[in-house]
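# Fold and geometry: a report
Listed below are the residues making up each chain.
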Amino acid sequence: MQTTVFEQVKETVYHETLANGLKVFLVPKQGFSKTYAVFTTRYGSIDSHFRTRSGEEINVPDGIAHFLEHKMFEKKDRDVMHEFSKNGASCNAFTSFNRTAYLFSCTDKLDQNLNLLLDYVQEPYFTDASVEKEKGIIGQEITMYDDNPDWKVYMNLLKAMYQKYPINIEIAGTIETISHITKEYLYQCYETFYHPANMLLLVVGSFDPEAVMKLIQKNQGGKDFPPAPQITRIFPEEPPAPAQHRVEANLAVGLPKCMIGIKEKENGLTAEALLKRDLTTKLLLDIVFGSSSSAYEKLYDSGLITENFDFDYSCEQDYAYSIFGGDTPDPDQLVETIKTIIEEWKQKGIDQDDFERAKRKKIGNFMRGLNSVEFIANQFTQFKFNGNDLFSVVPVLESITREDVEKRMREHFQLDQMAVSIVRSAAQQE
Amino acid sequence: MGTQVHEIAFTSSHINGMNVHILQTEKFKTTTIVTMIEQELSVETVTKTALLAMVMKRATARFKETKRLREYLDFLYGAIFDVDVTKKGERQILQIYMEVPNEKYLAQASTLLEEAIQFVGDMLTRPCVENGAFLPKYVTQEKETLRKRIESLIDDKMKYANQRVTEEMCKDEPFALLVQGRAEDLPGITGEDLYRHFQEITTSNPINLFVVGDVDEQQVKKAIETHIPLQRNAVKELKATSPVKNVEQERTVVDRLDVSQAKLNIGCRTNIAYKDDDYPALLVYNGILGGFPHSKLFVNVREKASLAYYAVSRLESHKGIMMIMSGIEAKKYDQAVEIIKAQMDLMRQGKITEEELSQTRATLTNQFRELLDSARMMIEYTYNGVVSGRQRPLNELLQAFETVTIDEIKRVADKVQIDMIYLLRDKKGEA
């Protein structure tokens, strides 16, 4: 077992790659009551076109990664959720574009819960009947999302920005696509993506790292796995330009919702370069649109935005985009004003004071995140999958200069890369 | 289980007419400061208080421009700051939330905690006021923001359904009010009204201030004494509230909206409140019925009948209301209601398996032990004790989960009555 100490934030990470390829990371947090464990496979909704173990190229129905996540909880002779309940643990799972995570939190019986987590995720059991039954439940989950205007405006923006890359498809699929899911498909996906070598286990909280590592080694040592498959994911080539510049949809809402996205043209960064781009762009967005910016003041005072105006930057190796927006009485006016603001910033450049303030804020917010085992658990794995360390955020932030942000602004703020998504009530239709 | 947890032990004192509660702990890398002002929830003041919260956070005497105020917060290493209103039974709580990094983790910021307390003092004692009124510019803008916030309730269909059933079910009770108030009250409120209201509640209503972090108690007390010099009158007695309500007849309400999924909400009166001896048994009752993935509702509505993605029950502990919620296909309404009622019947008959009871004990215990990892939740837990008039030591509650009997749960079940069945559904199908 190796140890990495992060001096500035006073955190220590214990880690090891097991013989079967599973990467294990342990982050003890002194004085906390609960422990949080997350077992994640690098497999999400975008991985729908790949080669199976036997080399056959297949396309699987949209929404299958999420469906598989649901079905992992059902076993022949027991119900996983009930097992966790018996141990007083609270369990959950989620599927995103590029990963599926299984997790629990507990304040007692960590050993039993960890074994349970490792065992249920490594023991698939799918039947025709249970697959059919799940279609009703997931159907209602999909319908719930269909009624959610914040999700709708976001998904529609991704569809507008991306012509081919599969982040433009719904994570849970549609009622139509999931109707094609069979247990055979589920096993094919499972065998391709759930090998330990494609997975990462993270435990954060109150425990003794030596003992927990031993338990994990013992659990994994007692199981046989075939050699790790070579995973070949097949992605379409994404053209730089957005698919559409504007999409609209109708749902029952109080005020129209408007989200603006800027799609990154150049991708392919990894590790620290990727993290630096991520943090630099987030600083940029905070300087330009943060609640203490002149743009925010102008937009708020003119009534064009409400307090739910928000912005974010998502950055992965293959795709990256910023989004900003919220509720507005006048989406068109909001879009025009934001375009003007962006052009003005490109004219005048980034101010040193604004830059320093944004950096301080970001460091403070990060420190706050470290209070929460959930925050660490949720962020850590994503950082690792991208070749980074969550606890290195502060030094990387500190290395960013005003000039970096200035340069990033000119690269990223390109109006022809922009797309707009609007959701409003049928009655608000112009 | 069985092992004692570290009690949530705030040290309480009385400073400048406020109850101050401090919890020293090395667990967190930030310091959290929360001020709670308690009021009766009433038609006369609900909107004023909600608006006041929004106007307060725009400016203070020291920072008259919002942009300057926010720049200052950023400068305090991105201090988290908000003023908001929440509902606890028939109380409306105006809450000032502030969180700053602990100075120990920062190279050069030795006065951060004092600056944060000073900022809270600005909010409470040095507002931005001219001629006895909050500035018209901010009042006008925030009225608009609040109106939009009230109108946007409809965006989240689960919240909307919840508010609608509460409104209908508690028609003549203050609890029916949305905590953000009523849009129709907004035009009549002036900057003068708001300032009078501000003075009234900061001089006379109960105020509790909580501090959690790796702090020096004496230093915190001194900073509060210096920077929050409130002029207080005798603290107002608030009207006592009761969860007891005998339901004469179960009622049904259907709303129609442009939605795909129908939301079924069943509002129940438990006739038990936080301060009552039966409260721990009510928590166990709710846990077995619908609090967890092993609960009767989840197992029967979702896992067995495949009718829903979620089927849960939630308690409002101060008013004594239990809300059952599920998202279903409108045409499955009768089947869903029948299954839910059958589960409630089983509870009344005490048809609870040993496994259901032990799972619920274990998961409830876990839930309450997890509080200890969040400053915000420890404050919330302790404040529930303040508002209800009964502090519940955490160990006592955990012990009660272990010793509660099926008979006690049955007794709780007998008190729970369905008051209203509410359905929010699409505009297409038949009624």
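Residues numbered from 1 in each chain as written. Chains lettered and ligands numbered in written order. Predicted model: local features only at pLDDT ≥ 70, side-chain atom pairs only at ≥ 80, totals over all residues.

Counting its secondary structure elements, chain B contains 14 helices and 13 strands. Rg of the C-alpha trace for chain B: 23 Å, near the compact-globule value of 22 Å for 431 residues, within the 12% margin. C-alpha extents for chain B along the principal axes are approximately 60 × 55 × 40 Å. The burial tally for chain B puts 51% of its 431 residues in the buried class. Taking the intrachain contacts of chain B between residues at least 6 apart in sequence as the baseline, contacts between residues at least 24 apart amount to 81%. (Helix = DSSP H or I, 4+ residues; strand = E, 2+ residues; numbered from the N terminus. Rg over C-alpha atoms; globule rule 2.2 N^0.38 Å. Buried ≥ 20, exposed ≤ 12 C-beta atoms within 10 Å, placed from the backbone. Contact = placed C-beta atoms within 7 Å.)

Moving on, we get to the UniProt feature "domain: Peptidase M16 C-terminal" (unreviewed entry) in chain B. Mapped onto this structure's residue numbering, the UniProt feature "domain: Peptidase M16 C-terminal" (unreviewed entry) falls at residues 189–364 of chain B. Its end C-alpha atoms 44 Å apart, residues 189–364 of chain B is made of 42% helix and 20% strand. (UniProt positions renumbered as here; feature names shortened; annotations may be inferred.)

The contact between helix α12 (residues 352–369) of chain A and helix α2 (residues 66–75) of chain B brings their axes to 8 Å, and the two run at 55°. The orientation of α12 of chain A relative to α2 of chain B falls into the category oblique. Here Arg357, Arg360 and Lys361 of chain A of α12 of chain A come into contact with α2 of chain B, specifically with Glu71, Asp74 and Phe75 of chain B. (Axes fitted to C-alpha atoms, helices over the stretch in contact; angles between N-to-C directions. Parallel < 35°, antiparallel > 145°, perpendicular 65-115°, else oblique.)

Time to look at the pairing of strand β7 (residues 90–95) of chain A. Residue and element names in this part refer to chain A. Note that β7 and strand β8 (residues 100–106) share 6 bridges and pair antiparallel. Following the sheet pairing, Ser90 is matched in β8 by Ser105. Hairpin connection from β7 to β8: 4 residues lie between these consecutive antiparallel strands. (Pairing = 2+ DSSP bridges.)

All names here are of chain A. Splitting chain A by domain gives domain 1 (2–233) and domain 2 (246–428). Domain 1 and domain 2 are separated by 28 Å when their C-alpha centres are compared. Between domain 1 and domain 2, the contact holds 34 residues from the first and 27 residues from the second. Secondary structure elements with two or more residues in the side of domain 1 that touches domain 2: β3 (23–28), β4 (35–41), β8, α5 (149–161) and β9 (199–205). If one sorts the elements of the side of domain 1 that touches domain 2 by residue count, α5 sits on top with 10 residues. (Domains from an automatic or database assignment.)

Once that is clear, we can look at the nonpolar core. The biggest cluster of nonpolar side chains holds 250 residues, and the ones touching the most others in it are Ala37, Leu117 and Leu202 of chain A together with Ala116 and Tyr285 of chain B. With 9 residues, the top contributor of residues to this core is helix α9 (residues 271–289) of chain A. Excluding residues within four positions of it along the chain, Leu117 of chain A makes contact with Ala37, Phe39, Tyr102 and Phe104 of chain A. (Core = buried A, V, L, I, M, F, W, Y, C linked by C-beta atoms within 7 Å.)

In this section: the interface of chain B and chain A. Where interface size is given, it is often the accessible area lost as the parts come together that is meant. With 52 residues of chain B at the interface, the matching set in chain A holds 53 residues. Going through the elements one at a time, α2, β5 (91–101), α4 (136–151), β12 (321–328) and α11 (354–370) of chain B are the ones with two or more residues in the side of chain B that touches chain A. Ranked by residue count, the leading element in the side of chain B that touches chain A is α11 of chain B, at 8 residues. Grouping the amino acids of the side of chain B that touches chain A by side-chain chemistry returns 18 nonpolar, 16 polar and 18 charged. (Nonpolar A, V, L, I, M, F, W, Y, C, P; charged D, E, K, R; others polar.)

This paragraph deals with the UniProt feature "domain: Peptidase M16 N-terminal" (unreviewed entry) in chain A. In the numbering used here, UniProt assigns the feature "domain: Peptidase M16 N-terminal" (unreviewed entry) to residues 62–174 of chain A. Summarising residues 62–174 of chain A: 52% helix, 12% strand, and an end-to-end C-alpha distance of 7 Å.

Residues and elements named next belong to chain B. Splitting chain B by domain gives domain 1 (11–227) and domain 2 (251–425). Here the C-alpha centroids of domain 1 and domain 2 sit 30 Å apart. Between domain 1 and domain 2, the contact holds 25 residues from the first and 22 residues from the second. Mapped by element, the contributors of at least two residues to the side of domain 1 that touches domain 2 are β2 (18–24), β3 (30–40), α5 (157–169) and β8 (207–213). Ranked by residues supplied to the side of domain 1 that touches domain 2, first place goes to α5 with 10 residues. Here the side of domain 1 that touches domain 2 is composed, by residue class, of 12 nonpolar, 6 polar and 7 charged.

All names here are of chain B. Taken in spatial order, the 5 strands line up as β9-β13-β10-β12-β11 in an open sheet, and their pairing is mixed. This sheet does not close on itself; its edge strands, each paired only once, are β9 (251–256) and β11 (311–316). Between one strand axis and the next, the sheet turns through 20° on average, direction left out of account. Bridging between β11 and β12 involves 6 bridges; their strand directions are antiparallel.

With that settled, consider the UniProt feature "domain: Peptidase M16 C-terminal" (unreviewed entry) in chain A. As recorded in UniProt, the sites labelled "domain: Peptidase M16 C-terminal" (unreviewed entry) are residues 181–361 of chain A. Helix makes up 44% of residues 181–361 of chain A and strand makes up 19%, while its end C-alpha atoms are separated by 46 Å.

Right, let's talk about the environment of Thr337 of chain A for a bit. Residue and element names in this part refer to chain A. Structurally, Thr337 is set in helix α11 (residues 331–348). Thr337 sits in the partly exposed class, given 18 other C-beta atoms within 10 Å. As for Thr337 and Leu299, which are separated by 38 residues in sequence, their C-alpha atoms are 8.0 Å apart. In contact with Thr337, not counting residues within four places along its chain, are Leu299 and Leu304.

Moving on, we come to the pairing of strand β13 (residues 417–425) of chain B. Residues in a regular strand project their side chains so that they alternate between the two faces of the sheet. Residue and element names in this part refer to chain B. Burial analysis of β13 places 7 of its 9 residues in the buried class, which makes it a mostly covered element. The pairing of β9 with β13 spans 6 bridges and is parallel. Within β13, the position partnered with Arg256 by the bridge is Arg425. Pairing of strand β10 (residues 262–269) with β13, which is carried by 7 bridges, proceeds in the antiparallel orientation. Across the sheet, Leu264 pairs through a bridge with Leu423, a residue of β13.

This next bit is on unusual backbone geometry. Despite not being glycine, Lys10 of chain A shows a phi value in the positive range, around 50°. Within the secondary structure, Lys10 of chain A sits in the loop between β1 (2–6) and β2 (11–17). What makes Lys10 of chain A partly exposed here is the crowd of 13 C-beta atoms within 10 Å. Its identity is not glycine, yet Ser306 of chain B carries a phi of approximately 60°, on the positive side. Here Ser306 of chain B lies in the loop between α9 (296–304) and β11.

For the rest of this paragraph, the subject is helix α13 (residues 373–385) of chain A. Residues and elements named next belong to chain A. For α13, spanning 13 residues, the distance from its first C-alpha to its last is 19 Å, which sits close to the expected 18 Å at 1.5 Å a residue. Considered for burial, the residues of α13 that qualify are Val373, Ile376, Ala377, Phe380 and Thr381. Next to the buried residues of α13 lie β3, β4, β8 and β9. (Expected span 1.5 Å × (residues − 1).)

It is worth spelling out the environment of Glu380 of chain B at this point. Here Glu380 of chain B shows up in helix α12 (residues 375–388). Separated by 93 residues in the primary sequence, Glu380 of chain B and Gly287 of chain B place their C-alpha atoms 20 Å from one another.

With 18 residues, α12 of chain A should cover 26 Å at 1.5 Å per step; its first-to-last C-alpha distance of 26 Å lies within 8% of that length. Along α12 of chain A, the positions that sit buried rather than exposed are Asp354, Phe355, Arg357, Ala358, Lys359, Lys361, Lys362, Ile363, Gly364, Phe366, Met367 and Arg368 of chain A.

Our next topic: the environment of Met378 of chain B. All names here are of chain B. Inspection of the secondary structure puts Met378 in helix α12. According to the C-beta neighbour criterion, Met378 is buried, with 23 such atoms within 10 Å. For the pair Met378 and Met344, spaced 34 residues apart in sequence, the C-alpha separation works out to 32 Å. When neighbours within four sequence positions are excluded, Met378 is seen to be in contact with Ile8, Leu23, Val212, Leu371 and Leu372.

Here we come to the packing of helix α1 (residues 64–71) of chain A against helix α7 (residues 183–193) of chain A. All names here are of chain A. Put simply, α1 and α7 touch, their axes get as near as 10 Å, and they point 95° apart. With respect to α7, the element α1 is oriented roughly perpendicular. From α1, Ile64, Ala65, Leu68 and Lys71 reach across to α7, where they touch Tyr185, Leu186, Cys189 and Tyr190. By residue class, the composition of the contact of α1 with α7 is 7 nonpolar, no polar and 1 charged.

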